[in-house]
Amino acid sequence: TMRGGTAAAYDYARQSYLLHCAGCHLPDGSGSKVNDVPSLHGIPGHFAKVPEGRAFLTQVPGIAYSPLGNAEVAEILNWMLREYSKDTLPSDFVPFTEAEVAKLREIRPAEIFKVRAAVLARLRELGVTVEY
């Protein structure tokens, strides 16, 4: 799904982020503590370290219920992780694929905050503490 090369794909993902995600996470990815919208700086990179964290990233309401196609979601997630969380991404990070997003996005947890709490607990077991 590279649209005319790396620079074009990067710009496309950035524009999609601004259109579909920045309303809550803000254009710079800083989020809003008051509204319980986490910063995208560092946190998602940690989530990408465990399978349940990868799943969570595709299941947050803004993605699970978005009109975006799975290929677009994969592009945005990969862009967001590299743009805002490159310092915390695992060294063996495998980019999201359309197929993975399609599979994980079908699961729509009723209580996403419980899912997030479970991911945070799993990361703590691995010695990674994430501060919201």
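Cut-offs used in this document
- Residues numbered from 1 in each chain as written.
- Predicted model: local features only at pLDDT ≥ 70, side-chain atom pairs only at ≥ 80, totals over all residues.
- Heavy atoms only, no water.
- Buried < 20%, exposed > 50% of the residue type's maximum accessible area, 1.4 Å probe, protein only.
- Helix = DSSP H or I, 4+ residues; strand = E, 2+ residues; numbered from the N terminus.
- Contact = heavy atoms within 4.5 Å.
- Axes fitted to C-alpha atoms, helices over the stretch in contact; angles between N-to-C directions.
- Parallel < 35°, antiparallel > 145°, perpendicular 65-115°, else oblique.
- 1 Å grid on protein atoms, 1.4 Å probe; cavity = no way out; pocket = protein on both sides within 12 Å on 5 of 7 lines; lining within 4 Å.
- Points joined across faces, edges and corners; volume = space filled by probe spheres on them.
- Nonpolar A, V, L, I, M, F, W, Y, C, P; charged D, E, K, R; others polar.
- Phe/Tyr/Trp six-rings, centres within 6.5 Å; stacked < 30°, edge-to-face > 60°.
- Lys NZ or Arg CZ within 6 Å of the ring centre and 35° of its normal.
- Polar contact = N/O pair within 3.5 Å; in protein donor to acceptor, adjacent residues only side chain to side chain.
- Salt bridge = Lys/Arg side-chain N within 4 Å of Asp/Glu carboxyl O.

Draft legend 1. Structural context of helix α4 (residues 51-59). Within α4, seven of the nine residues are buried, which leaves the element mostly enclosed by the surrounding structure. For α4, the full list of buried residues reads G53, R54, A55, F56, L57, T58 and Q59. Here the buried face of α4 lies against α3 (43-47), α5 (61-64), α6 (70-84), α7 (98-105) and α8 (112-125).

Draft legend 2. Fine view of the packing of α6 against α7. Packing of α6 against α7 leaves a shortest axis separation of 8 Å and a crossing angle of 105 degrees. In this view, α6 runs roughly perpendicular relative to α7, as classed from their interaxial angle. Between α6 and α7, the residues in contact are N70, A71, V73, A74 and L77 and E98, V101, A102 and R105, respectively.

Draft legend 3. Highlighting empty space enclosed by the protein. Taken as a whole, this structure holds one cavity of 30 Å³ or more when the rule is applied. If you add up the space inside the largest cavity, you get close to 50 Å³. Lining of the largest cavity is provided by H20, C21, G62, I63, S66, L68, V73, I76 and L77. Residues of the lining of the largest cavity, tallied by class, amount to six nonpolar, three polar and no charged.

Draft legend 4. Here's a closer look at the packing of aromatic side chains. Across all of its chains, the model carries four aromatic pairs by this definition. Seen in terms of ring centroids, Y17 and Y84 are 5.8 Å apart; in terms of plane orientation they differ by 65 degrees. Their pairing is edge-to-face. Taken together, the positions of Y17 in helix α1 (residues 6-20) and Y84 in helix α6 put the pair 67 residues apart, joining distant regions of the chain. Residue Y17 is classed as buried on the basis of its relative accessible area, which comes to 1%. The rings of Y17, W79 and Y84 are connected pair by pair, giving a single aromatic cluster. Sitting over the ring of F96, R54 keeps its end group 4.2 Å from the ring centre.

Draft legend 5. Geometry of the layout of surface pockets. Taken as a whole, the largest pocket spans an internal volume of roughly 600 Å³. Every residue lining the largest pocket is counted, 28 residues in all, and those nearest its centre are H25, V37, P38, V60 and G62. Mapped onto the lining of the largest pocket, the elements with two or more residues apiece are α1, α2 (22-25), α3, α4, α5, α6 and α8. When the residues that make up the lining of the largest pocket are grouped by side-chain class, the tally is 20 nonpolar, six polar and two charged.

Draft legend 6. Region of interest: the side chain of S66. With respect to the helices and strands, S66 occurs in the loop between α5 and α6. If sequence neighbours within four positions are ignored, S66 has contacts with P61 and R105.

Draft legend 7. Region of interest: the side chain of S85. Structurally, S85 can be placed in the loop between α6 and α7. Exposure remark for S85: the relative accessible area of 1% places this residue in the buried category. Of note is the side chain of S85, whose polar atom sits 3.1 Å from the backbone oxygen of L40. Ignoring anything within four residues of it in the chain, the contact list for S85 reads L40, H41, G42, I43, P44, G45 and M80.

Draft legend 8. Up close: the pattern of salt bridges. On inspection of all chains with the given rule, the structure shows five salt bridges. Taking the shortest distance from any N to any O, the salt bridge between K114 and E111 comes out at 3.4 Å. One network of salt bridges, in which partners are shared, links E52, R122 and E125.

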